[in-house]
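What follows is the residue order along each chain.
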Amino acid sequence: MTKALLAGTLALALGTYAFRFAGPVLRRRVNISPRVVRLLEIASMVLLTALAVTTLMPSGKGAVGFALPAGVLVAIVLAWRRAPLLVVILAAAATTAVLRLLGVH
């Protein structure tokens, strides 16, 4: 490993620890209005949804087919029904894999 890579890894680790440590420390000192808290909750859900959609859908030039959107649909339904995250992930992956195994692309 090079010195730059080690220095970057150390800086990232220290920065991550600092952010995690600052949350509980600053929570006692900073008062946030309930409206701002609610807006931040909504913003986090929008951001996570956008991340999931852009990550799950392929960006290649080929045909998407039916298997991947079917797996995403299974994940959406299970998440909406408040299934555990592991169940959502495994069911979506299994749905996509089984459909591709059966020749549905």
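Structural data are supplied above this passage.
Note that the coordinates shown come from a computational prediction; the quantities given were computed from them, not determined experimentally.

Draft legend 1. Quick look at the pattern of salt bridges. If you walk through the whole model with that rule in mind, you get 1 salt bridge. The residue Glu-41 makes a salt bridge to Arg-38 at a minimum N-O spacing of 3.4 Å. Highlighted residues: Glu-41 and Arg-38, both in helix α2 (residues 34-56), separated by 3 residues, approximately one helical turn. Taking relative accessible area as the criterion, Glu-41 reaches 39% and is therefore assigned partly exposed. Given a relative accessible area of 49%, Arg-38 falls into the partly exposed group.

Draft legend 2. Spotlight on the packing of aromatic side chains. Scanning the model with the defined rule gives 1 aromatic pair in all. Pairing Tyr-17 with Phe-21 gives two aromatic rings, centres 6.1 Å apart and planes at 15 degrees, and the pair type is stacked. Of this pair, Tyr-17 and Phe-21 both sit in helix α1 (residues 3-27), 4 residues apart, roughly one helical turn. As far as burial versus exposure is concerned, Tyr-17 and Phe-21 are alike and both exposed.

Parameters at a glance
- Residues numbered from 1 in each chain as written.
- Predicted model: local features only at pLDDT ≥ 70, side-chain atom pairs only at ≥ 80, totals over all residues.
- Heavy atoms only, no water.
- Salt bridge = Lys/Arg side-chain N within 4 Å of Asp/Glu carboxyl O.
- Helix = DSSP H or I, 4+ residues; strand = E, 2+ residues; numbered from the N terminus.
- Buried < 20%, exposed > 50% of the residue type's maximum accessible area, 1.4 Å probe, protein only.
- Phe/Tyr/Trp six-rings, centres within 6.5 Å; stacked < 30°, edge-to-face > 60°.

Geometric descriptors of this kind do not, in isolation, establish any biological role.
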